[in-house]
Every structure is written in structure tokens, then in C-alpha cells.
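Chain and residue survey
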Amino acid sequence: MQVCLRSWQKKSPQSRAASFIPAHTWVSSPSATPNAKVGVLVHGLLGHKGNWTKFVRTLVERNPEVKILLVDLRNHGESTLKMKDAGELPNNTLDACSKDIVRLCCHLDIQPDFLVGHSFGGKVVTLASEGLVDVGRPPNQVWILDSLVNLTCIKTAEVEKIPVLRLLDHLHKIPLPVPSVKEFANNLIENGFSKDMALWMTTNLRRTPEGFVFKFDLDGIQEMIVDYLHSDLWAFLSRPPQGVNVHFVRAELSERW
């Protein structure tokens, strides 16, 4: 055991990243067909796979010929604890996130029929589709939900106008652990965030003996959002891999368009 421990301690962050498998959950109908099509769904920034569980369960119940793999991005949900177990991972970038998805598909020995990514996850699955093509597991479709794939330049004065950036800034100011879920939600509402956003953020709390802490890693997420805003994927969209069909879904009431 000591030999194994010393061997693990000598691993570089790069080698640990190459073995990191993000947390994931399969969702399928009890009446799923044997050859059900496989979809991989990736959430957005500050989300987690649990946010999509109810929607996906309804989807597969109505479409038993489909099963969905829900994934927690690095620094989010259950993947945060898995990262701590693995040790420090380098490069909290879109490229690193996309490689996590490719590695997961190889680990599970699946070739997804389609990839779905919401917001931040939209850029992740865009890059992941290229990686899957490279390893001989190309998806047929990529669905990008309410995600800006272009480079986004934001002036300091505009940060307050963007909800997710304002939320990130505020979360850094909240002392942890918080005594209760209600107190955490009230803190957000009192600081100008909507009730819906406050309730959504409570799903990111984890109970400890001392109180509630975040499931996610804020510092890692901060690095991820910077790379997201500075990544331009129009080159991919202008020439997607042969056989990969790309679809956009724009949220009608989204403030980002």
C-alpha cells in the first residue's frame, strides 16, 4: 500500500488528468429497447447533472429507444469530490473539459449517437465531438442549447450586467459553511438575485457536520468561465467533422442574445 501511495504522489498533474473520469449517471426507461440510442448531456456553469434528471427521465419515458448519460463537469457536483480524490488537475479549460467527456466515453466503451450541451456545456460538447471523431467514436449529432460559441469580450463595467458573473462574484463573498439552506437562499435574494436563481443555487449545497458548503469549486469555475468567454468556436461550426450534424437551440427569453 505504501508503494502504491508513493507512486501516486509522484504522478504529475497531467498524468492524473489523463485518468480522471467525471461523475456520471445513466438514465433510461424501464422499457428501454436493447439497442437504444445513446446521448450524452452536459450541464452549464454552476449547474450539475441533477438539474437535468427530471427532464431527462420524462424524455426517456416518452422515448424508450433513447438512453442518456448525464455528466458532472469538473469542479461541479460529484466530480468535485472525485477531483479531490485524484489530486490537483491542471488546466480548467474548455479543452480539458472536452477531453474529460471523450475519456469518459472511452472508459464506458460507448459511441454516443448525440451530444447535448447547455450554455458552457454547449462549447464543451462542440470540442468533445472533435475529440470523439479523433478516437473513432464520432457522434451523429451535436445539440448546442442557448450557448454563445463566439469569443465574448466583456468590459469590467459590464460584469454587473451578466447574472452568472455577478453571481460568481457574490458567491466568493459568502462565508462558509452557511448554517442553513434557507439562510443561503435569503442571502442571495436580499442581494438582488431572483428567487428562482436562489432556489436553483441551493441544489449546489452539500451538508457537513459544521454546516452547508458548496458542491462546486469556485476557483476552478472562475478559470473555466474565463476560458469560455475567450474561446471562439466559429471555425468548428463553419466546417464540422464530416457526418456530424450541429443544431442550435436558442432560449426565447434568454438575456444573452
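Right above here is the structure, for reference.
Residues numbered from 1 in each chain as written. Predicted model: local features only at pLDDT ≥ 70, side-chain atom pairs only at ≥ 80, totals over all residues. Heavy atoms only, no water.

**A look at the packing of aromatic side chains**
Counted according to the given criterion, the structure contains 4 aromatic pairs. Seen from their ring centres, Trp 52 and Phe 55 are 5.6 Å apart, and the 80 degrees between their planes marks the pair as edge-to-face. By relative accessible area, which is 17% here, Trp 52 ends up buried. Plain terms: the ring middles of Phe 120 and Tyr 228 are 5.5 Å apart, the flat faces sit at 35 degrees to each other, and that makes the pair tilted. (Phe/Tyr/Trp six-rings, centres within 6.5 Å; stacked < 30°, edge-to-face > 60°. Buried < 20%, exposed > 50% of the residue type's maximum accessible area, 1.4 Å probe, protein only.)

**Some remarks on the state of the cysteines**
In the structure shown here, the tally under the stated rule is 0 disulfides. Not engaged in a disulfide, the cysteine Cys 105 finds its nearest cysteine sulfur in Cys 106; these two sulfurs lie 7.0 Å apart. The exposure class of Cys 105 is buried, given its relative accessible area of 0%. (Disulfide = S-S within 2.5 Å.)

**Quick word on the environment of Gln 222**
Structurally, the position occupied by Gln 222 is in helix H10 (residues 218-229). For Gln 222, a relative accessible area of 32% gives the class partly exposed. The sequence separation of Gln 222 and Asn 92 amounts to 130 residues, and the corresponding C-alpha distance is 8.8 Å. Not counting the four nearest positions on each side in its chain, Gln 222 is found in contact with Leu 168 and His 172. (Helix = DSSP H or I, 4+ residues; strand = E, 2+ residues; numbered from the N terminus. Contact = heavy atoms within 4.5 Å.)

**Some remarks on the pattern of salt bridges**
For the coordinates displayed, the defined rule picks out 6 salt bridges. Between Arg 74 and Asp 100 there is a salt bridge, and its shortest N-O distance comes to 2.7 Å. Highlighted residues: Arg 74 in the loop between strand S3 (66-71) and helix H4 (77-86) and Asp 100 in helix H5 (residues 94-108), separated in sequence by 26 residues. This pair shows no difference in class: Arg 74 is buried, exactly as Asp 100 is. For the salt bridge of Asp 95 with Lys 99, the shortest nitrogen-to-oxygen distance reads 3.1 Å. Of the two residues, Asp 95 and Lys 99 are both situated in helix H5; the distance of 4 residues between them amounts to about one turn of the helix. Here Asp 95 falls in the partly exposed class, since its relative accessible area comes to 39%. Through salt bridges with shared partners, a single network forms among Arg 74, Asp 100 and Arg 103. (Salt bridge = Lys/Arg side-chain N within 4 Å of Asp/Glu carboxyl O.)

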